[in-house]
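# Observations on the three-dimensional arrangement
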Protein chains: 2
Amino acid sequence: MKSTINDVAALAGVSIKTVSRVINNEPSVRPATRKKVMDAVEELHYQPNLAARNLAGTRSYTIALIYDNPNAYYVIDMQNGILEACKARGYELLIHPSNAKSDTVNDELRALVEHSKVAGVVLTPPFSETQSVIDEINKLGLDYVRIVSSGAAEGDEENCIQVDDTAAAFDITQHLIDHGHKRIGFLSGGEEHVSTHGRLDGYKQALQQAGINLAPELVIPGEYSFDSGVAGAKALLESDNPPTAIFASNDEMAAGALFAARLMHVEIPEQLSIVGFEDSPFSRQTWPKLTTAHQPNNEIAKCAAALVLNKARSKGAAESAAANKEAGITKKFVPELLVRDSTGDSPS
Amino acid sequence: MKSTINDVAALAGVSIKTVSRVINNEPSVRPATRKKVMDAVEELHYQPNLAARNLAGTRSYTIALIYDNPNAYYVIDMQNGILEACKARGYELLIHPSNAKSDTVNDELRALVEHSKVAGVVLTPPFSETQSVIDEINKLGLDYVRIVSSGAAEGDEENCIQVDDTAAAFDITQHLIDHGHKRIGFLSGGEEHVSTHGRLDGYKQALQQAGINLAPELVIPGEYSFDSGVAGAKALLESDNPPTAIFASNDEMAAGALFAARLMHVEIPEQLSIVGFEDSPFSRQTWPKLTTAHQPNNEIAKCAAALVLNKARSKGAAESAAANKEAGITKKFVPELLVRDSTGDSPS
DNA sequence: GAGCGAAATGACAACGCTGTCAAATTGGCG
DNA sequence: CGCCAATTTGACAGCGTTGTCATTTCGCTC
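The following paragraphs examine the structure supplied in this document. All of these numbers come straight from a predicted model, not from anything done at the bench.

### Considering the relation of the copies chain B and chain A
- Each copy of the sequence occupies a distinct position, and chain B is placed on chain A by a rotation of 180° and an axial shift of 0.0 Å, giving an RMSD of 0.1 Å. Between the two chains, the operation in question is that of a two-fold axis. For chain B, the residue whose C-alpha comes nearest the rotation axis is Ala51(B), separated from it by 2.2 Å.
- Taken together, the interface assignments show that 100% of the residues at the interface of chain B recur at the interface of chain A, consistent with an identical surface on both copies.

### A word on the protein's contact with DNA strand C
- Close to DNA strand C lie 27 residues, the nearest being Arg21(A), Thr33(A), Ile5(B), Ser20(B) and Tyr46(B).
- The share of sugar and phosphate among atoms of DNA strand C within 4 Å of the protein is 64%.
- Between DNA strand C and the protein, one listed contact pairs a phosphate oxygen with a side-chain N or O atom of Thr33(A) at 2.3 Å.
- Within the contact set of DNA strand C, a phosphate oxygen lies 2.4 Å away from a backbone nitrogen or oxygen of Ile5(B).
- Every element with two or more residues in the surface near DNA strand C is listed here: α2 (16-23) and α4 (50-56) of chain A together with α2 (16-23) and α4 (50-56) of chain B.
- The greatest single-element share of the surface near DNA strand C, amounting to four residues, is contributed by α2(B).
- Looking at the surface near DNA strand C, its residues break down into ten nonpolar, ten polar and seven charged.

### Some remarks on the protein's contact with DNA strand D
- Taken together, 27 residues are adjacent to DNA strand D, and Ser20(A), Ala56(A), Thr18(B), Arg21(B) and Thr33(B) come closest.
- Near the protein, within 4 Å, the atoms of DNA strand D are sugar or phosphate in 61% of cases.
- Within the backbone of Ser15(B), a nitrogen or oxygen atom sits 2.9 Å from a phosphate oxygen of DNA strand D.
- Between DNA strand D and the protein, one listed contact pairs a phosphate oxygen with a side-chain N or O atom of Thr18(B) at 2.7 Å.
- At the level of elements, α2 and α4 of chain A together with α2 and α4 of chain B are the ones that each hand at least two residues to the surface near DNA strand D.
- Of the residues assigned to the surface near DNA strand D, the class counts are ten nonpolar, eleven polar and six charged.

### Remarks on the packing of helix α1 (residues 5-12) of chain A against α2(A)
Residue and element names in this part refer to chain A.
- Two elements in contact, α1 and α2, have axes separated by 8 Å at closest approach and are oriented at 105°. By the angle between their axes, α1 is roughly perpendicular relative to α2. Residue-level inspection shows Ile5, Asn6, Val8 and Ala9 of α1 in contact with α2, the latter providing Ile16, Val19 and Ser20.
- For the contact of α1 with α2, the class distribution of residues is five nonpolar, two polar and no charged.

### Notes on the sheet that holds strand β7 (residues 219-220) of chain B
Residue and element names in this part refer to chain B.
- Ordered by their spatial adjacency, four strands build an open sheet running β7-β6-β8-β9, and the pairing between neighbours is parallel. Two strands lie at the open edges of the sheet, namely β7 and β9 (273-275), each paired on one side alone.
- By the bridge criterion, three bridges tie strand β8 (residues 245-248) to β9 in an arrangement that is parallel. Bridging from a neighbouring strand, Ile246 pairs with Ile274 of β9.
- This element, helix α10 (residues 226-238), spans β6 (184-187), β7 and β8 of the sheet and lies at about 150° to β6.

### Quick word on the packing of helix α10 (residues 226-238) of chain A against helix α11 (residues 251-263) of chain A
Residues and elements named next belong to chain A.
- Interhelical geometry of α10 versus α11 gives an angle of 45° and a closest axis separation of 7 Å. Taken together, the axes of α10 and α11 are oblique relative to one another. Remark: the crossing between α10 and α11 carries right-handed chirality. Of the residues in α11, those in contact with Phe226, Ser228, Gly229, Val230, Ala233, Lys234 and Leu237 of α10 are Glu252, Met253, Ala255, Gly256, Ala257, Phe259, Ala260, Ala261 and Leu263.
- Here the residues of the contact of α10 with α11 sort into eleven nonpolar, three polar and two charged.

### Here's the deal with unusual backbone geometry
- Geometrically, the link from Ile268(A) to Pro269(A) is a cis peptide bond, its omega value of 0° lying close to zero.
- Note that Pro269(A) resides in the loop between α11 and β9 (273-275).
- The step from Trp287(A) to Pro288(A) runs through a cis peptide bond, and the omega angle for that step is -10°.
- Among the secondary structure elements, Pro288(A) is positioned in the loop between β9 and β10 (292-294).
- Phi at Asp103(B) is positive, roughly 65°, even though this residue is not glycine.
- In this fold, Asp103(B) is placed in the loop between β2 (92-97) and α6 (105-116).
- Given a relative accessible area of 61%, Asp103(B) falls into the exposed group.

Calculation criteria
- Residues numbered from 1 in each chain as written.
- Chains lettered and ligands numbered in written order.
- Predicted model: local features only at pLDDT ≥ 70, side-chain atom pairs only at ≥ 80, totals over all residues.
- Heavy atoms only, no water.
- Least-squares fit on C-alpha atoms with pLDDT ≥ 70 in both.
- Contact = heavy atoms within 4.5 Å.
- Near = heavy atom within 4 Å.
- Polar contact = N/O pair within 3.5 Å; in protein donor to acceptor, adjacent residues only side chain to side chain.
- Helix = DSSP H or I, 4+ residues; strand = E, 2+ residues; numbered from the N terminus.
- Nonpolar A, V, L, I, M, F, W, Y, C, P; charged D, E, K, R; others polar.
- Axes fitted to C-alpha atoms, helices over the stretch in contact; angles between N-to-C directions.
- Parallel < 35°, antiparallel > 145°, perpendicular 65-115°, else oblique.
- Pairing = 2+ DSSP bridges.
- Left-handed = near helix turned anticlockwise from the far one by under 90°.
- Buried < 20%, exposed > 50% of the residue type's maximum accessible area, 1.4 Å probe, protein only.

Now the structure itself:
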């Protein structure tokens, strides 16, 4: 039924080692031989057994996605993107949700390597921005790719897929300013995320460039959640001198802000403009639909996965190939402004 | 660094086979020996290597989750539940999104078995309700658990985790009836889902029991999506004799209905009541918050995973254990009515 | 067409575990 | 105290690959 490398070798009339060479794209196989083998592979629908490969080889065919993110859409997008890249190259993906608070990631990482012989990992915030995690990974000799907010790439650009939160936040804020808004509230994400600071920076830069003074009371701390968006927007709207627009650090918070506005009978966008960030599916399902910044998570994930996979692969093969193959992999993304219905001209 | 079964055997002063027996909980090991081995395992932090196990054994330590569902929350809940169960038993989970339309599942299933030696699968709708898929799985000799709408369990209750959509839909409809609603619109999910029919049945039964005639024009076909909810609700509201309440087959459709209502300046719940189904996180983030039926997906997934895992395990061990272990596994769930703010008394 | 270095191929061990089956140990009983 | 059956333990092969290293074949040169 299921064919092994032996079957292929027999059919092609070569040794199993030669088959191994062909399927691993190693050099030193004559074209004629290679063809014979490939034909046999084709005919038998041969697929190398992963367990055997992982066991025998020095390199492994499994990578892991490590995350701690309550946002289902984000996780799914990431996951699907990585899965695509894996499938294309015959790799397997281990999903590993963890807990940033509990501080057990490092142990889990070690277990992942020893227990399942993982070759590489894709790290998402906040792990991707935590030094101790990166140190551990280096100690373990794992290949990795960090999906980070630009600020966190430091001297490690090689291993990072960057999202330029600052530039995108600048654009968003500018959009608000263009509509005549001068008092713009800012709902912050969690302190531990570098993106929180990046987005705040973009907001500040846009204000400054427009000659608008930063009003510290308009910047509300929060944590990337719906409830936090509700609370933040409420605080803002109940203040003495409420803003005419609110920049929520992500779509969930924006949805929360929308909820708060509704609660307080504030019309959107007539009396208040609200923007989000990420372009989550539900930013299209709110009323009104949210103006936001499109963050292509699926694409980001695909690039991240392709990057780790190339690394893992280039270990054995020609190192030079690495740079070569990175062509087609985008390493820096700038979420693009997406104007929908939650923003309009300033009422004042 | 990483210890193998040999290290444990050496430290415990026994053969590797005995160690194997202990870690697999096989009988025929004297308590004293067992303890020696367990101490050694402890001391070395030994964890069996999964690739080796999968390669050597007849049984495997990997299961797969097969799904085709655009609802990120659903998938994540399922996934996390299964992951928990897997982790507890040292299993690995392969995530396998597929496409019900493309009809490639069967091939993919086969590849999963041959390529990765998967031992069992958890199937979610619509695959769990597709006979050809189930046939293929049986042919492959895979253990499986189907998460299905009650109607689809047929004579295969043993392998099913059932969700009683009919009972839950009945309760929801009853809730509406209790509030004086007599014209209740019904927004259907996709035809291919058995749950669609189950929910419709519950709706019909409640109407009948209350002596309300079914108005066929109030039942709108759709497909479990936001857009479909918008369209369905619009059609209903624009009709000559619009309903005073709408039962949307899931929360996404309900959110769509909310959107349509807003568009048409219909106040919820004053002029129209809307209910959803599933208790997705965003049913709490709409305005107003949705009345819905709480479907405990995470719990369902955990039970499903525990069930496949028990099956895979009991293969070698005492068969009798199976029934025993199933204690604690719920096999039938009835989503519970959750009254929030989108329903109220009938205006008429 | 003999000789040589390079390229292509193959034989075989090893990866870490489980399954099979044989060997050793145990305990009960006459 | 010895014998036998039952229980416990171990030796060894094998799972399907890859890595190492030896062997064969090839393409030239003179």
